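# Inside the fold
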Amino acid sequence: MRLRNKILLTLFGTAVFLLLGIYLAIFKFGLLEYIVNRKLKAMIDQNLPIKVQIGKISGDYFSRLVLSDLNVTYDDGKYSYEMAVIPRVTAEYSLSNLWHGILVFQRIDIDSAHIILHESTEQKWLVPKPLLESKQEAGPIDFEIKELKLNNLDL
C-alpha cells in the first residue's frame, strides 16, 4: 500500500474513532446531563435557594427534547425539602429559532408532576426568593410557549 493511502486511511480511522468516542461520552455515558446539571447549578445556586437535577436527557435533539427524572429541592440552610418531582418533560421546538436566539416552544408536556409546598414553623410558605440583590443589569429571558400540557399534576 502506498504511503498516501496509509496516511488517508489513518486519518479516516482516527476521525471515526474520535467521533465515536465523542458520541459515546455525550449520549451514552451521561456527559450531556453532567454539563447541563453543572450549568443549571451555576445559574441557580447563586440567586435562589433551590437545586435542580436532571436525570436523563433524550429525544432527537433537533425538534424534540425529553427530560426525565427532574427534581427540584428547596434548601435555604434552615429548611430543606423536595419541591417538585417530575418524571418526564417533553419539549417540542424549532432548531432554527433556537439557533437565532428565539426561544419558542411549540409544545411542552409535563407528565405526572408532584409539586409540594411546605410551611415553616413561623407559618410562612417556603417558596424560593432571591438570595441577593443582583448588581448586573440582566434582562428577563424572553420565551414563548404555544401549548402547555399538564398530565396528572399533583399539588
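What this report covers is the structure whose coordinates are included nearby. This one's a predicted model, so the numbers in the text were calculated from it and none came from an experiment. Per-chain numbering applies: the sequence of each chain, read as written, is numbered from 1 onward. pLDDT decides what is reported in this predicted model: residues at 70 or higher carry local features, side-chain atom pairs at 80 or more are listed and counted, and totals for whole chains, interfaces and linings draw on all residues regardless. Hydrogens and water molecules were not included; the side-chain quantities draw on all heavy atoms of the structure.

This part takes up the environment of isoleucine 116. Within the secondary structure, isoleucine 116 sits in the loop between strand E5 (114–115) and strand E6 (143–145). Three exposure classes are used, based on accessible area relative to the maximum for each residue type with a 1.4 Å probe and protein chains only: buried under 20%, partly exposed in between, and exposed over 50%. Take isoleucine 116: its relative accessible area is 36%, and that puts it in the partly exposed class. Distance from isoleucine 116 to leucine 155, taken between C-alpha atoms, is 6.0 Å for residues 39 residues apart in sequence. Residue contacts are counted whenever heavy atoms from the two residues lie within 4.5 Å of one another. Not counting chain neighbours up to four residues away, the residues in contact with isoleucine 116 comprise Tyr81, Glu82 and Met83. Helix and strand assignments follow DSSP, with helices taken as H or I runs no shorter than four residues and strands as E runs no shorter than two, numbered in order from the N terminus.

For salt bridges, the criterion is a side-chain nitrogen of Lys or Arg within 4 Å of an Asp or Glu carboxyl oxygen. Summed over the entire model, instances satisfying the criterion amount to three salt bridges. Measuring nitrogen to oxygen at the nearest pair gives 3.2 Å for the salt bridge that ties lysine 78 to glutamate 122. Here the residue lysine 78 occupies a position in the loop between strand E2 (64–75) and strand E3 (80–93), and glutamate 122 occupies one in the loop between E5 and E6, the gap between them amounting to 44 residues. Relative accessible area serves as the criterion here: at 46%, glutamate 122 is assigned to the partly exposed category. The residue glutamate 147 makes a salt bridge to arginine 107 at a minimum N-O spacing of 3.8 Å. Taken together, the residues span a long stretch of sequence, with glutamate 147 in the loop between E6 and strand E7 (148–151) and arginine 107 in strand E4 (residues 103–111) at a distance of 40 residues. Residue glutamate 147 is classed as partly exposed on the basis of its relative accessible area of 39%. The network of salt bridges with common partners includes Arg107, Asp109 and Glu147.

We now examine the environment of leucine 103. Residue placement: leucine 103 occurs in strand E4. Along the chain, leucine 103 and tyrosine 93 lie 10 residues apart, while their C-alpha atoms are 8.3 Å from each other.

This part is about the packing of helix H1 (residues 3–28) against helix H2 (residues 31–44). Fitted lines through C-alpha atoms give the axes, limited to the stretch in contact for helices. The angle between two N-to-C directions lies from 0 to 180 degrees. Two elements in contact, H1 and H2, have axes separated by 4 Å at closest approach and are oriented at 55°. Here H2 runs oblique to H1, going by the angle between their axes. Residue-level inspection shows Ala25, Ile26 and Phe27 of H1 in contact with H2, the latter providing Leu31, Leu32 and Glu33. Charged means Asp, Glu, Lys or Arg here, nonpolar means Ala, Val, Leu, Ile, Met, Phe, Trp, Tyr, Cys or Pro, and polar covers whatever is left, Gly included. For the contact of H1 with H2, the residue count by class is five nonpolar, no polar and one charged. We call two directions roughly parallel when the angle between them is under 35 degrees, roughly antiparallel when it is over 145, roughly perpendicular when it lies between 65 and 115, and oblique otherwise.

Counting 22 residues, the largest nonpolar core has Ile50, Tyr74 and Val89 as its most contacted members. Of all the secondary structure elements, the ones that give two or more residues to this core are strand E1 (50–59), E2, E3 and E4. In terms of residues, this core owes the most to one element, E3, which gives seven residues. When sequence neighbours within four positions are dropped, the list of residues in contact with valine 89 reads Leu65, Val66, Leu67, Leu70, Ile108, Asp109 and Ile110. Only buried residues count toward a nonpolar core. Its members are Ala, Val, Leu, Ile, Met, Phe, Trp, Tyr and Cys residues joined through side-chain atoms within 4.5 Å.

The grouping of Phe62, Leu95, Leu98, Leu103, Ile115, Phe143, Ile145, Leu148, Leu150, Leu153 and Leu155 at the surface amounts to a nonpolar patch, some 1000 Å² of accessible area in total. Among the secondary structure elements, those contributing two or more residues to the nonpolar patch are helix H3 (95–99), E6 and E7. The exposure class of leucine 150 is partly exposed, given its relative accessible area of 44%. Each patch is built from residues that are more than 30% exposed by relative accessible area and take part in no salt bridge. Like charges join if they lie within 9 Å; nonpolar side chains (Val, Leu, Ile, Met, Phe, Trp, Tyr) join within 5 Å. Exposure was quantified through the Shrake-Rupley algorithm and a 1.4 Å probe, taking into account, for residues, occlusion by the shown protein chains and nothing else.

Another point: H2. Under the convention used throughout, the expected extent of a helix is 1.5 Å for every residue step, that is, one less than its residue count. Across its 14 residues, H2 extends 20 Å between first and last C-alpha, which sits within 8% of the 20 Å expected from 1.5 Å per residue. Looking at H2, one finds that the buried residues are Glu33, Asn37 and Ile44. End-on, the buried residues of H2 take up no more than an arc of 45°, which puts them together on one face. The outward face of H2, more than 90 degrees from its buried face, is lined by the exposed residues Arg38 and Lys39. Here the arc refers to the set of directions running from the helix axis out to each C-beta atom.

Below, the discussion takes up the side chain of glutamate 33. Checked against the element boundaries, glutamate 33 lands in helix H2. Counted as positive: Lys and Arg. Counted as negative: Asp and Glu, with His and the chain ends omitted from the count. Notably, glutamate 33 is buried but unbridged: the nearest opposite-charge side chain belongs to lysine 56, and the N-O separation is 5.3 Å. In this view, glutamate 33 contacts Ile26, Ile54, Gly55, Lys56 and Ile57; residues no more than four positions away in its chain are not counted.

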